[in-house]
Each structure stands twice: as C-alpha cells, then as structure tokens.
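Structure assessment
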Amino acid sequence: MKKYFLRLFYFTLLFGSNTFLPPSSVADPADKYRTQLNCWNNYNFITPQDLTYRYCIQENGRIHKMDSTGNILKEKIFIDKEIKIKKNISNYPFDLDQDRIQSKSKTTIYTIFDDQLLRFSCKSKKVDRRKYLPTDECTKSIIGIRPKEYYYDQGIKSQEFGNWLDSIDDFNKHIAVSDTNEIYYFRALSKYKINDFVGSLKDINKAIELSPEFLYSYNLRSLIRHQLNDYQGEIKDLTTLIKLLETINQEGRNNLENLSDLPFNRRGRFAYLLVDGPTWNQAKQNAKKIGGRLVIINDNKENEWITRTFASSNLNYNKQLETSYWIGSQYFSNYLSKNSTELTTYQNWDVGSPSNYSDFSSAVKITLYSISEDNKFSSGKWHTSSLSSFESFYGIAEVNIATKLEEIDSQFSDIYYRRGIARSELSDVKGAIKDFDQEINNNPTNALAYIARGKENYWMKRDSACNDLFKGRSLGAKDSSYYSFIDDCRPINSEKIQRVKANTRSELILENSLYLIKKSYILLPVFLIVIFYIVMKSKETDDS
C-alpha cells in the first residue's frame, strides 16, 4: 500500500509540474512548425493518384502521416511493427479495406517493399485470453509511392558525404523512372570519383546528347578524357567549354553596362533587382528586357540571402502584411520546373503549399514577411498562384554580370592552364605557350602556369624560361618536375653574378695554396734550415 501511495505521489508531482509550467516550455509552436515543414518538403512516400497524404519515416521507424493541409495526423504507426485492432474496428482511424472483418480482431503491419509503402491487414486468431496472432488471411494495400525526385535527392545527399557507390545506386533507380541530363551528369561524376572512367564517359556522353549547352558536362568529360590519355578529345571539350564561358562573360559585360543606372544587389555572378509585374508572365518578360530572368533559387543560402535582402524593400511593402514576389519556377502536376539548366532540386514550400495537384501549370512566388518573432520561421517560404494572377506586383530578377571565368564558377578559373597542359602532351609547344600566356593574364598568381610556360620555353628562350621557373617557385609551386631545369638556370641578376665570382676566386686561391703545400712538403726541412742559418749569421754580425 505504501508503494502504491508513493507512485501516486510522484505521478501527481510530475503531472502538476507540467500543469504549472508556462505553455512555451511544454509545447513550442515553432518546434511543431519545423517538424511539419521538414516532413512537408522531405517526405518519403505520397499517396498514389490522389496525392492526399504524405508519409515521413523517422529514425526510430515511426511514420508521420500528413494531410494536404500540412497537419500531421495523430496515429502511432511504425514500420514493421504489428498493430492490434480489436472488435470496434469501424471506429479505428485507419482507412482499412472494404472487405475487413468487423466482428473479429485484426493485425495491421506497415512495411516498405519495392519502393512502395504497404499495409497488410490480417485476420487475427485468438490463442489465449489476451493474445492474438495474425493468420494467412491478409489483404494488401499500396498506401504510398516514392515521390518523383526521391532517389535523385538521395543520390545528391550521398555525394555530399562522399558515398559514391550509394549515390550510383540511387541514380540508377531514378533513371529507371526518368532520365535527364542532370542525372546522367551526377552519375558520371560518381563513377569518375571511383575511377570508373569508361562508365563515366558513357554517362557524360548521354548528358551532352540531352543538353549540348550544359557547361559542367564538357568540364567533366575533359577530366575523364585526360585520365584516359585522350588529349585530343580533352582539348576539343575544353575549347567548346571556353567558347561557352566567353559568351557568358561577354553577356555579363554588356549587362553590367546596361544596369549602370539601375540599383541592384550583387551576389556571385548575378545582379538581383525587382521588376514590375503584376502577373508572373509580365514579370518574366520585364526580367528578359534587362538581360535576365526571374530568379532560380538553387539552395538554402541563396533563399536566406534573398529573404534578408528583399524583405525590407520599400516597394509594395507593409510591415504588418506579407509581401510576395514572383520567382522563376513553375509547378505542374506535383513537379517543380526550373526553366533552366541549374544543378539543383532545392525547394522551400510553406506547409500546405502547393495545395493543388491539377494538370494546370502554376507560378511560384516567394513570400517575405517582416523579420519578427511571429513570422521568422515562415518568411522566405514558397507558394503557388495562377500564371495570370495579380497577387504579386513585382518579381525578383537575376541578371548575369560575370566578367571573369572564376565569377561563373571557381572550377573554371584554370581552364586555359588545363588546355595548355593537354597541348603540351601532344608537343604543341606554340599552342601550349599561348594558353599559358592567357592563363597568366587571367590569373597572375597561378604558380603552375609559370612553371609550365618555363618548361615549354626552356630550350628556346632560356632567360625567359628561367624567369618563369623562379617566379613559379616564389609563388609556392608544388610541382617538383622543374627542379632539374632550375638547377641549370644561369643567375638572373648582376649582383648574384658578382657574388658567385667572388666566391669562385676565394675557392681558387685556397685550392692553389693547398696544392702548393702538398707538392713541397718534402723541401720544408731544407727551407727551415736555410732560414735558421740566415738568422744565426745575422746575430753573429751584430755581436761583432
């Protein structure tokens, strides 16, 4: 009895402490919203056909079931864990099969098989007073299928952690459903990382076939061909890539000049500014008029930067209300179209958006609120509207203003150096030197470019070559192949020449003195006797 009262006391104390705690410490609405938001944008399964429910699998195996408004239903269901349903089946919250047995207990199991979320509802057999076991009388229901981009996203995440083999498996599954230039590019990249150069080349060829203007495919194929010693093919790819990059840089220079009178915010290779709407199509056309497009948001960092930059815009802005701006994506039948070749699947929908899954294309807008405690978690989320909607009066445009290769992407900064190396492998000295000249002009601190140019010029312009070799060494080049060249280089300044000459004379005098002593050491006693005799004679003369 005493133990019973102690348990009752502790239970009352625990319950009472929760009762008197402030509501924020018991249940934080922000935590609930974040849980909903994460499930809404990163669900594992979606209801087939009607797309009514989304299912999110937690680390402990629990399934969160979310409806089309973003509410997580309070159903404690787990993967591969039996759920016993007793006699009042008709009141059970799950939508069981029509042929269910009302008068008997059932066992329901949720499991994943062949990329489907399955529910098995089995008739149970009573084996004792409290225990039921499932029988073979079961019905199977497919309650969830993978979203279209699921394995694409999983493959990208595997690459971020360096799990190249896992990413290849994920991309294989995605290609079985849908093939795009991006998916072949990423699978080629994973194969390249595990040194499967032949398989990587096959994939990247397919990517270029699907999208001949895709910069990154030519870059990757040039690296693959270098590994396969196909220097001629590497040069061809780099030449194509350089032409595409130079076109972008020329466009950037022109756009920068055209935007000279317009206020804009710069981030990377793009200028960001607001353009008039009021519809999505009109905003798109106005962005095109200034040489740009409606912004394609590639990752969370860009989304947060846009939120900070434009949330306080004085255009169409009311601190008490939300402000929405058109962005460059469209939503169509549960698929986000970017209308570009950007390497991204990023999306940042607000909970419950988009709520429609019709076959009519919708425009996407980013909704920005004033930065306050009440809405700091919802600012920057995406929603959809009709293409002809007048809901947003402005769009956010991004305009290319890159004038240098590294402004497009840092991996293109040494493109001329790489082509010069390939030409050097084919003994095209003139072409290689020309590329190294261009590389040094673009990037004066590229130590390896100086070393490479010095080695090419070594047998033709020795002084110039030595200057390049010394310059590369001073910049910290880690290429040891130039050591044998630099040892043979002549001193490159008069001060060093004079210092070397002085050292040479000192060494010569010392060497001659040692040689004389070595040859005349036998006559040394005679020489000493003569000296002694002369000294004694001089002394005798002085005494007399």
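Now for a look at the structure at hand. The structure displayed is predicted, hence computed values, not measured ones.

A few points about the state of the cysteines
- Enumeration over the complete set of coordinates arrives at two disulfides.
- The disulfide partner of C39 is C56, and the gap between their sulfur atoms is 1.8 Å. One disulfide, between C39 and C56, carries an S-S torsion of 95° and so falls in the right-handed class. Here the residue C39 occupies a position in helix α3 (residues 29–41), and C56 occupies one in strand β2 (residues 54–57), the gap between them amounting to 17 residues. For the pair formed by C39 and C56, the shared burial category is buried.
- One disulfide in the model links C122 with C138; its S-S distance is 2.0 Å.

Observations regarding a nonpolar patch on the surface
- Taken together, the side chains of V530, Y533 and I534 make up a nonpolar region of the molecular surface, amounting to roughly 300 Å² of accessible area.
- Residue placement: I534 occurs in helix α19 (residues 524–543).
- On the basis of relative accessible area, I534 is assigned to the partly exposed category, the value being 46%.

Considering the packing of aromatic side chains
- According to the stated counting rule, one finds 16 aromatic pairs in the structure shown.
- For the pair Y150 and Y151, a centre-to-centre distance of 5.0 Å together with 85° between the ring planes defines the contact as edge-to-face.
- Look at Y151 and you get buried, because its relative accessible area is 10%.
- Between W349 and W382, the aromatic rings sit 5.8 Å apart at their centres with planes inclined by 80°, giving edge-to-face as the arrangement. With W349 in the loop between β13 (336–337) and β14 (362–368) and W382 in strand β15 (residues 381–386), this residue pair connects regions lying 33 residues apart in the sequence. Like W382, W349 is buried.
- Members of the aromatic cluster, connected to one another through ring pairs, are Y152, F171, Y185, F186, F214, Y216 and F412.

Considering helix α15 (residues 447–457)
- With nine of its 11 residues buried, α15 lies for the most part within the structure.
- Along α15, the positions that sit buried rather than exposed are A447, A449, Y450, I451, A452, R453, G454, E456 and N457.
- Buried residues in α15 make contact with α13 (415–425), α14 (429–442) and α16 (462–474).
- Where α15 begins, the capping side chain belongs to N446, and its oxygen is found 3.2 Å from the backbone nitrogen of L448.

So, the pattern of salt bridges
- Per the stated rule, a full pass over the model turns up 13 salt bridges.
- Residues D230 and R225 are paired through a salt bridge, measuring 3.6 Å at the closest nitrogen-oxygen approach.
- We classify D230 as partly exposed; its relative accessible area is 32%.
- Its salt-bridge partner being D468, residue R453 comes within 2.7 Å of it at the nearest N-O pair. Taken together, the residues span a long stretch of sequence, with R453 in helix α15 and D468 in helix α16 at a distance of 15 residues.
- Residue R453 is classed as buried on the basis of its relative accessible area, which comes to 16%.

Topic: the nonpolar core
- One finds Y185, L215 and L220 to be the most contacted residues of the largest nonpolar core, which totals 32 residues.
- Only α5 (164–175), α6 (181–193), α7 (197–210), α8 (215–227), α9 (231–258), α12 (405–408) and α13 provide two or more residues apiece to this core.
- At seven residues, α6 tops the list of elements feeding residues into this core.
- Leaving out residues up to four positions away in the same chain, L220 has contacts with Y185, A188, L189, Y192 and I204.

Regarding unusual backbone geometry
- Omega for the bond connecting G277 with P278 falls within 30 degrees of zero, at 5°, which places this linkage in the cis form.
- Inspection of the secondary structure puts P278 in the loop between β10 (270–276) and α10 (280–289).
- Here the bond from S353 into P354 is cis, since omega is -10°, no more than 30 degrees from zero.
- Inspection of the secondary structure assignment puts P354 in the loop between β13 and β14.
- Its identity as a non-glycine residue notwithstanding, D114 has a phi of 55°, on the positive side.
- Note on placement: D114 falls in the loop between β6 (106–113) and β7 (116–126).
- Notably, S427 is not glycine yet its phi reads approximately 65°, a positive angle.
- Assignment of secondary structure puts S427 in the loop between α13 and α14.
- The class of S427 is exposed, set by a relative accessible area of 61%.

Some thoughts on the side chain of R187
- Relative to the helices and strands, R187 resides in helix α6.
- R187 has contacts with I168, F171, N172, I175 and D203, leaving out every residue within four places of it along the chain.

Overview of the environment of I290
- Residue placement: I290 occurs in the loop between α10 and β11 (293–294).
- Taking the C-alpha atoms as reference points, I290 and N258, separated by 32 residues in sequence, lie 7.4 Å from one another.

A look at the environment of R293
- Looking at the element boundaries, R293 is found in strand β11.
- A relative accessible area of 25% places R293 in the partly exposed class.
- On a C-alpha basis, the gap between R293 and I396 in space is 8.5 Å, while along the polypeptide they are 103 residues apart.

A word on α13
- Buried residues dominate α13, accounting for eight of its 11 residues.
- Elements in contact with the buried residues of α13: α8, α9, α12, α14 and α15.
- S427, located one to two residues past α13, shows a positive phi value of around 65°.

Describing the pairing of β6
- For β6 and β7, the ladder comprises eight bridges, and the chain directions are antiparallel. Paired with T111 across the strands is L118, a residue of β7.
- The loop that links β6 with its antiparallel partner β7 comprises two residues; one of these, D114, has a positive phi angle of about 55°.

Parameters at a glance
- For every chain, the first residue of the written sequence is number 1, and numbering continues from 1 along that sequence.
- Given that this is a predicted model, residues contribute local features only at a pLDDT of at least 70 and side-chain atom pairs are listed and counted only at 80 or more, while totals for whole chains, interfaces and linings are drawn from all residues.
- To get the side-chain values, all heavy atoms of the structure are used, and hydrogens and water are removed first.
- Sulfur atoms of two cysteines make up a disulfide when they are within 2.5 Å.
- Secondary structure follows DSSP: runs of H or I at least 4 residues long count as helices, runs of E at least 2 residues long count as strands, and numbering of each begins at the N terminus.
- Each residue is assigned to one of three classes by its accessible area relative to the maximum for its type, calculated with a 1.4 Å probe on protein chains only: buried under 20%, partly exposed between the two thresholds, exposed over 50%.
- Here a patch means residues that are over 30% exposed by relative accessible area and free of salt bridges, tied together within 9 Å if like-charged and within 5 Å if nonpolar (Val, Leu, Ile, Met, Phe, Trp, Tyr).
- Values of accessible area rely on a 1.4 Å probe in the Shrake-Rupley scheme; residue burial ignores everything except the protein chains shown.
- Any Lys or Arg side-chain nitrogen found within 4 Å of a carboxyl oxygen on Asp or Glu counts as a salt bridge.
- Pairing of aromatic rings covers Phe, Tyr and Trp, the last counted by its six-membered ring, and requires centre-to-centre distances within 6.5 Å; plane angles under 30 degrees mean stacked, over 60 mean edge-to-face, and any other angle means tilted.
- Any two residues whose heavy atoms approach within 4.5 Å are treated as being in contact.
- The term polar contact refers here to a pair of N or O atoms within 3.5 Å; inside protein, the definition further demands a hydrogen-donor-capable atom paired with an acceptor-capable atom, and it admits residues adjacent in sequence only when both atoms are side-chain atoms.
- The criterion is simple. A nonpolar core is a set of buried Ala, Val, Leu, Ile, Met, Phe, Trp, Tyr and Cys residues joined through side-chain atoms within 4.5 Å.
- DSSP bridges decide pairing: two strands pair if at least two such bridges lie between them.

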